[in-house]
Amino acid sequence: MKERIKSLVLAALVVASLVQSYFLIYRLPGGGDSIVTSETNYVKTENMGQERNIEELIFPDQMIIHLGEDKHTVFYPGNTFYQLIYSRLQGRAFDDFQRRSVQSVNWDQIRKENPGFELSFKAGIPVALLQRVIRLGTDSLFQGETINRISIYTSKNETKAHALFFSAKGDVVYEATQADLTVQDVQQHVDFGTNWTPYTLMDGGYYIPAEALETIDADVPTGQFTVEQMQRSLFFDPSMTRNIREKDGSEIYTDSKRSLQVKQEQRWISYTDPAAPPAGQIDPAKDALSAVDFVNQHGGWKGRSRMMLETADSKTQLEFQQYYGSYPIMDSMQFRFGTISMEMQQETVSSYERSLEYLNEGAETKKSVKLPGGDKLKALIKKVAGENRQVVDVYPAYRPSSIEDGLKLIPVWVIRFGNGEETTVS
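Residues numbered from 1 in each chain as written. Predicted model: local features only at pLDDT ≥ 70, side-chain atom pairs only at ≥ 80, totals over all residues. Heavy atoms only, no water.

Moving on: the packing of aromatic side chains. Any aromatic ring pair is given by two values, namely how distant the centres are and how the planes are angled relative to each other. For the structure shown, the criterion picks out 20 aromatic pairs. With a centroid separation of 5.8 Å and 40° between ring planes, the pair formed by Tyr327 and Tyr398 is classed as tilted. You can see Tyr327 sitting in strand 18 (residues 327-328) and its partner Tyr398 sitting in strand 23 (residues 391-403), a full 71 residues away along the chain. For the residue pair Tyr327 and Tyr398, the accessibility class agrees, reading buried in each case. The lysine or arginine in question, Arg304, covers the ring of Phe59, its NZ or CZ lying 4.2 Å from the ring centre. The lysine or arginine in question, Arg336, covers the ring of Trp268, its NZ or CZ lying 4.0 Å from the ring centre. (Phe/Tyr/Trp six-rings, centres within 6.5 Å; stacked < 30°, edge-to-face > 60°. Helix = DSSP H or I, 4+ residues; strand = E, 2+ residues; numbered from the N terminus. Buried < 20%, exposed > 50% of the residue type's maximum accessible area, 1.4 Å probe, protein only. Lys NZ or Arg CZ within 6 Å of the ring centre and 35° of its normal.)

Below, the structure written as structure tokens:
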């Protein structure tokens, strides 16, 4: 009997020991979760922003309508007529391109005298990407181009519309001799601008409104991604990163290969991966697609953004500029917000910069304001340009400033000079 009791007690002690060992090895004190993980059980990155297709990021920064008799107007992204014309154009086909020198025609005369419209793409979009939003035929010479302007117009006594694609290099233009557009189509699009704000074509090739431009001033609440979210998103194993505090107050997180610099006062991050692939031929279209995929997986998008890109030194530099309503939000060294900047090499990200702060649209406070036009705007342009600086573009934008729990978006005119510098007036 005693031996049987001893056996039962011993069995109970063994079971108790096994239970205790289980909690000691697999559980945190107090019944927490398991602290044993497999090598492949990494923390899954949460969805921070929305995903975007590259087609959503390619659109003209402005659409100029030529009414004839040197009368013009301008539509900006988000405008109803802009959306209507652009969506119709995306359904048309353009093919059989003929190449010629840009000096072969007086384009200023065409703008002034012929009804039509222009789509501006600033620095330009590679044809391989433009084909994703507009139906363009394949042509060996045309395929390798970057297009910064599309001009569609009609001429007197002609039954066919002209469709021209301007190279960003500034030396050649391609005419689509087969364009799925009639003279009546073009005239209908031109008629949309008949009762819109009139614009004046200036000597530098830019346009300004003949009267004040109606717009809004907005106080927009914001949210903010955390540094921990960005760490989990950008590093394969965030637990292996170490933290370095810089003298300027910024912090650097690194895993000895990649680094993430966080500027808390500006709520801005800079991620770099110096492990660049060997030098090779640049393909900006492939780089752009890879860049969009990277953003989709590492932070995502908040609001609407437009893509701009340039190639230099075997790299593709991309900037995704955020819009509020019809106008872009300006990013400056004094106040970092509104852009995602990237540098790509052989479809690999070498640098990635963005704001941790984002707009919570839908809960903002708005008020109607006017941006100066006509002679008042001309005087402001002349004042900042002086006698020697060439003005190449003037466009409306928002300048952000910090307020309690959000950002104030202030409408301004941006003046861009021939050397690429920009300044604002209002």
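Now that the structure has been shown, we can carry on.
Looking now at the pattern of salt bridges. Enumeration over the complete set of coordinates arrives at 19 salt bridges. For Arg132, the salt bridge identified is with Glu55, shortest N-O distance 3.1 Å. With a gap of 77 residues between them, Arg132 in the loop between helix 4 (127-130) and strand 5 (135-136) and Glu55 in the loop between helix 1 (2-26) and strand 1 (62-68) connect regions that are remote in the sequence. Accessibility expressed as a relative area gives 31% for Glu55, which makes it partly exposed. In this structure, Asp185 engages Arg92 in a salt bridge whose closest nitrogen and oxygen atoms are separated by 3.5 Å. Taken as a pair, Asp185 in helix 6 (residues 183-191) and Arg92 in the loop between helix 2 (80-90) and strand 3 (93-101) lie far apart in primary sequence, 93 residues in all. Overall, Asp185 belongs to the buried group, its relative accessible area being 16%. When salt bridges that share partners are traced, they join Asp108, Arg111, Glu118 and Arg149 into one network. (Salt bridge = Lys/Arg side-chain N within 4 Å of Asp/Glu carboxyl O.)

This part covers the layout of surface pockets. Gaps left between atoms show up when a probe the size of a water molecule is rolled over them. Each pocket or cavity is described by its volume, and for the largest pocket that value is around 850 Å³. In this structure, the largest pocket is lined by 28 residues; those nearest its centre are Met308, Glu319, Gln321, Gly420 and Glu422. Secondary-structure elements contributing two or more residues to the lining of the largest pocket are strand 4 (116-126), strand 16 (304-312), strand 17 (315-324), strand 19 (339-345), strand 23, strand 24 (406-417) and strand 25 (422-425). The class makeup of the residues in the lining of the largest pocket is 10 nonpolar, nine polar and nine charged. Empty space within the second largest pocket amounts to approximately 690 Å³. Lining the second largest pocket are 25 residues; nearest its centre among them are Arg111, Lys122, Asn148, Arg149 and Val392. For the lining of the second largest pocket, the elements supplying multiple residues, two or more each, are strand 1, helix 3 (107-113), strand 4, strand 6 (146-153), strand 7 (162-167) and strand 23. The element contributing the most residues to the lining of the second largest pocket is strand 4, with four residues. Residue composition of the lining of the second largest pocket, by class: 10 nonpolar, eight polar and seven charged. (1 Å grid on protein atoms, 1.4 Å probe; cavity = no way out; pocket = protein on both sides within 12 Å on 5 of 7 lines; lining within 4 Å. Points joined across faces, edges and corners; volume = space filled by probe spheres on them. Nonpolar A, V, L, I, M, F, W, Y, C, P; charged D, E, K, R; others polar.)

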